Amino acid sequence: MLSGVFSPLGILASLLVLGALVLATLFQLKRRQRAAWEAFAKSHGLSIADRRMEVQGRYQGRTLLLATGKRGASSKKRHTVTVLRLDLEGALPAALLLEHERPEDKIPGAATPREEALGDAELDAAFQVEGLAPEARPIILDPGVRQRLLGLKGHRRVSIKGGWLQVEQRGVPASAAALEALLRAPHDLARAVTEAAPATNAVEASPHAEASRMDEELPGSEHA
């Protein structure tokens, strides 16, 4: 009886069953993810793409883009990430680049931004800074902004670039509660930044400008 199990046909049949189970599991996971993203979008009046895991619109008064994409230079290291982008509403100069990336996620040979000191030892150890304008420094060093920036260090990648806050995490949330949790800390940081900025810094971007900036440097949304 065991000889039949370990025969070439038996091994092939076992592999086919295993493959079918894996595909069924992945299909169910994709369905749960899609349902969660649709529920999240509906509850906040956001729009979701028909064929991509991509949500955008105004979330609690702030322009948001939430999407999935692929990272990794090789097929073995390739993985899915969830990317959140929040508009900082002109509170920080567009030329500012503030970036944190976990060492294990850095791409070998990737260019490292020129370092400029913020004057805060903990922030300078955690973030690479470029294009630091004088008016940006007090906003970043504001106690509420500083605390929330340091609180995001556990994410795969965090950056402020072109007037947007972008946060990445590995994997794809499969529940509305997980999506809410993903947004909570970054949204608190974005709010702290706009509150710390002088009122004259804030600008309201046109819908066309918002759309064009949101499309920049996305990781390539994967199909749902």
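Residues numbered from 1 in each chain as written. Predicted model: local features only at pLDDT ≥ 70, side-chain atom pairs only at ≥ 80, totals over all residues. Heavy atoms only, no water.

A. The overall build of the protein chain, seen in detail. Looking only at helices and strands, the protein chain has 7 helices and 8 strands in total. For the protein chain, buried positions account for 40% of its 224 residues. Taking contacts inside the protein chain between residues at least 6 apart in sequence as the whole, the part at least 24 apart equals 65%. Just so you have it, the protein chain exposes about 12400 Å², and 58% of that area is on carbon and sulfur atoms. (Helix = DSSP H or I, 4+ residues; strand = E, 2+ residues; numbered from the N terminus. Buried < 20%, exposed > 50% of the residue type's maximum accessible area, 1.4 Å probe, protein only. Contact = heavy atoms within 4.5 Å. Areas by Shrake-Rupley, 256 points an atom, 1.4 Å probe, with all protein chains shown as cover.)

B. Molecular detail of the pairing of strand S7 (residues 157-161). Counting buried positions along S7 gives 4 out of 5 residues, so the element sits mostly inside the fold. Sheet analysis places S7 next to strand S8 (residues 164-170), joined by 5 bridges and oriented antiparallel. Of the residues in S8, the one forming a bridge with Arg157 is Glu168. In this structure, the hairpin formed by S7 and S8 is closed by a connection of 2 residues, where Gly162 is found at a positive phi of approximately 60°. (Pairing = 2+ DSSP bridges.)

C. Seen up close, helix H5 (residues 143-150). Among the residues of H5, those classed as buried are Gly144, Val145, Leu149 and Leu150. The residue sitting at the N-terminus of H5 and contributing the capping side-chain oxygen is Asp142; that oxygen lies 3.0 Å from the backbone nitrogen of Gly144. (Polar contact = N/O pair within 3.5 Å; in protein donor to acceptor, adjacent residues only side chain to side chain.)

D. View of the pairing of strand S3 (residues 62-71). Burial of S3 is extensive: 9 of the 10 residues sit out of reach of the surface. As paired elements, S3 and strand S4 (residues 79-87) share 8 bridges and run antiparallel to each other. The residue bridging Lys70 from the neighbouring strand is Thr80, located in S4.

E. Spatial organisation of the pattern of salt bridges. Summed over the entire model, instances satisfying the criterion amount to 9 salt bridges. Residue Glu89 pairs with Arg62 through a salt bridge whose shortest N-O separation is 3.9 Å. Here Arg62 lies in strand S3 and Glu89 lies in the loop between S4 and strand S5 (97-101), a separation of 27 residues in the sequence. Looking at Arg62, the relative accessible area reads 5%, which means it is buried. We note a salt bridge from Arg191 to Asp188, for which the minimum N-O separation is 2.8 Å. Highlighted residues: Arg191 and Asp188, both in helix H6 (residues 176-196), separated by 3 residues, approximately one helical turn. Taken together, the shared-partner salt bridges connect Arg71, Arg156, Arg157 and Glu168 into one network. (Salt bridge = Lys/Arg side-chain N within 4 Å of Asp/Glu carboxyl O.)

F. Highlighting H6. With 21 residues, H6 ought to run about 30 Å at 1.5 Å a step, and its terminal C-alpha atoms sit 30 Å apart, in line with that. The principal kink in H6, of about 30°, is found at Arg184, preceding the proline Pro186 by one to four residues. Those residues of H6 lying buried are Leu179, Leu182, Leu183, Pro186, His187, Leu189, Ala190, Ala192 and Val193. (Expected span 1.5 Å × (residues − 1). Bend = angle between axes of the 7 residues up to and from the residue.)

G. Seen up close, the nonpolar core. Ranked by internal contacts, the top residues of the largest apolar core, which has 43 residues, are Leu64, Leu66, Leu92 and Leu165. Examining the composition of this core, we find that 7 residues originate from one element, H6, more than from any other. Discounting residues that sit within four places of it in the chain, Leu92 has contacts with Ala136, Ile139, Ile140, Ile160, Gly163 and Val193. (Core = buried A, V, L, I, M, F, W, Y, C linked by side-chain atoms within 4.5 Å.)

H. Structural view of the side chain of Arg62. A distance of 2.9 Å separates a polar atom in the side chain of Arg62 from the backbone oxygen of Asp87. When near neighbours in sequence (up to four residues on either side) are disregarded, Arg62 contacts Gly57, Leu86, Asp87, Leu88, Glu89, His187, Ala190, Arg191 and Thr194.

I. The packing of H5 against H6, seen in detail. Contact geometry of H5 with H6 gives a least axis separation of 9 Å together with a crossing angle of 155°. Taken together, the axes of H5 and H6 are roughly antiparallel relative to one another. As H5 packs across H6, the resulting crossing turns out to be left-handed. Every residue of H6 that contacts H5 at Gly144, Val145, Arg148 and Leu149 is listed here: Asp188, Leu189, Ala192, Val193 and Ala196. (Axes fitted to C-alpha atoms, helices over the stretch in contact; angles between N-to-C directions. Parallel < 35°, antiparallel > 145°, perpendicular 65-115°, else oblique. Left-handed = near helix turned anticlockwise from the far one by under 90°.)

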